[in-house]
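# Coordinate inspection notes
What follows is each chain in one-letter form.
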Amino acid sequence: MEECNDNISFFKEGLRLDSRRPDELRPIKIEAGVLARADGSCYIEMGGNKVIAAVYGPREVHPRHLQEVTRAIVRYRYNMASFSVEERKRPGPDRRSHEISKVSREALEPVILTSYFPRSVIDVFVEVLQADAGTRTAGINAASVALADAGIPMKSMISACAAGKVGDTLVLDPMKEEDNFGQADMPVAMTPNGDITLLQMDGRFTKDEFSQALEMAMKGCREIYELQRKCLIGKYAQLETEPFLEVQVCD
Amino acid sequence: MTNVISEIRKDYIYNLILKGERADGRTFDEYRDISIQTNLISKAEGSALVKIGSSQVLAGIKMQPGEPYPDAPNRGVIITNAELVPLASPTFEPGPPTEVGIELARVVDRGVRESKAVNLETLCLVPGKQVWIIFIDVHILDNCGNILDASSLGAIAALLTTKVPASKFGLGEDYPLPVNDIPIATTAIEFGDVVMFDPDVDEESIANTRLTVITSVNGSICGMQKSGTGTLRTEQICRIVDVACEKAKEIREKFLEV
């Protein structure tokens, strides 16, 4: 009986509250190079999420004792704007954002060729301007494009999205309502050839559901990868064909 | 927190100034292009993205009922906060607000407060017990100079689009926040005998002194802030105020387009 009720509240004729299919992503918009001061940057919209990422570096490490002799260190700072959520969030880092910063950094670090830049740091800053479930995956997607935009050598891109469970049905890229009242949420990040670099889960999955959800999330990641690629090609293919005119003398 | 600028760049800018020019071809009183986009953040009660040239600032308004200050039991509360997040500039660092950030927030707050753009008495719900608290949060996204003017513009533009979320708290229907004034901050820097408006980041970093003038709709001045280690002469101040009033009028016209 319960199943039946849940199905009524989260699905209408097999479609979700925002009329998506269970395995459909929310609309995505990606734009690279949106900030003038940063070495690389990216703005992404994934459904109701609006996230901006900037990359600075490789640059000198401060404080100095953090530097590594053989490789660059990577720092990742996930931060939410106080107006990004329903109830105003107190500005500054909290326990949640520390954890997200850590796992997101570890999602990206495997593909960054840090050994090219010993004793330096690559700083990734992610600002969530509007939140609607899935901010960490949106942040990772933006950060990956921003790293490429900054010209940081990488083995590959990283793409991320979540799969979840609501009303006993597996869904891709849960939105706020599904996340709040859902039975499970599982953010995943991976390289285009399927190496998983982030995997978190909360809620309850059976073994079968888990493997299906993972498959679903990976399919979502592949779709996102194509969009990230398209965005970068869109920006840089154009530059290549432009004649090189300006040489700034005074810098 | 200091921007490093090469000696040769400094020299170049200085020599241009002697010729009466600026690196990007503007005149000394000229602003870069200003654009204002509102209501970008649907989770916020009001929001505005302001661009002055490449500088970008996002302001968001959140409102919630809360207790008034004991010395003003019938008045609403405005709390202004600025986040100089490290995404915006290689010289911004994470951590608690710096002097620069606090000054910025306070000058933005002064403009809104002193112009009486928001009538705080109308924000009283139960005298002495419950009033509306307005949080003005300014997020600097890209610091290419003159983020103070951009922040101030963002704050007032966001307030103008603010809907009081009364229904969320069971206090009746939502209604637009009444705004009575449009305070505009205009900032100039000083170099020897020259005064320059809307400094970019390089100009800011070689100037000793900066003066911000905030004017309201009727042309009166409702706030000023001098910062930096240099000095200003009275005739320079008068000139800045004169130009500031004119510029503010031009910029205020932007709001009619929004």
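Each chain carries its own residue numbering, running from 1 in the direction its sequence is written. Starting at A for chains and at 1 for ligands, labels are handed out in the order in which the entities are written. With pLDDT at 70 or above as the cut-off, local features in this predicted model cover only qualifying residues; side-chain atom pairs require 80 or more to be listed or tallied, and sums for whole chains, interfaces and linings still use all residues. The basis for the side-chain values is all heavy atoms of the structure; hydrogens and waters are excluded.

Before going further, it helps to examine helix H2 (residues 99-114) of chain B. Residues and elements named next belong to chain B. Counting from the N terminus, the helices are the DSSP runs of H or I reaching at least four residues and the strands are the DSSP runs of E reaching at least two. Between the first and last residue of a helix there are one fewer steps than residues, each counted as 1.5 Å, and that sum is the expected span. Taking 1.5 Å per residue as the helical rise, H2 with its 16 residues ought to reach 22 Å, and the 22 Å between its terminal C-alpha atoms agrees with that figure. We call two residues in contact whenever any of their non-hydrogen atoms come within 4.5 Å of each other. Buried residues in H2 make contact with strand S4 (77-83), strand S6 (130-142), helix H3 (147-160), strand S11 (209-215) and strand S12 (221-228). Remark: Lys-116 follows H2 within two positions and exhibits a positive phi of approximately 55 degrees.

Once that is clear, we can look at the sheet that holds S11 of chain B. Residues and elements named next belong to chain B. Whether two strands pair comes down to DSSP finding at least two bridges between them. Pairing within the open sheet is antiparallel, and its four strands lie in the order S10-S9-S11-S12. The outermost strands of the open sheet, each flanked by one partner alone, are strand S10 (194-197) and S12. Neighbour-to-neighbour, the strand axes of the sheet open up by a mean angle of 20 degrees, direction not taken into account. As defined by bridge partners, S11 adjoins S12 across seven bridges and the pair is classed as antiparallel. Across the sheet, Ile-214 pairs through a bridge with Gly-223, a residue of S12. Sitting on the sheet, H2 is in contact with S11 and S12, with an inclination near 165 degrees to S12. Contacts from H3 reach strand S9 (184-191) and S11 within the one sheet, and its direction differs from that of S9 by about 175 degrees. Orientation is described by axes fitted as lines to C-alpha atoms, over the contacting stretch for helices, and by angles from 0 to 180 degrees between their N-to-C directions.

What follows covers the sheet that holds strand S4 (residues 40-46) of chain A. All names here are of chain A. Strands sit in the order S3-S4-S5-S7-S6 across an open sheet of five strands; the sheet is mixed. Pairing within the sheet leaves two strands with one partner each, and these edge strands are strand S3 (28-32) and strand S6 (73-80). Averaged over all neighbouring strand pairs, the angle between strand axes comes to 15 degrees, with direction disregarded. Here S6 runs beside strand S7 (residues 120-130); their pairing, made up of eight bridges, is parallel. Along S7, the bridge assignment pairs Arg-75 with Asp-123.

All names here are of chain A. By secondary structure assignment, the location of Asp-202 is in strand S12 (residues 202-203). Spatially, the C-alpha atoms of Asp-202 and Pro-58 are 35 Å apart, while their sequence positions differ by 144 residues. Among residues more than four places away in sequence, those in contact with Asp-202 are Gln-183, Ala-184 and Asp-185.

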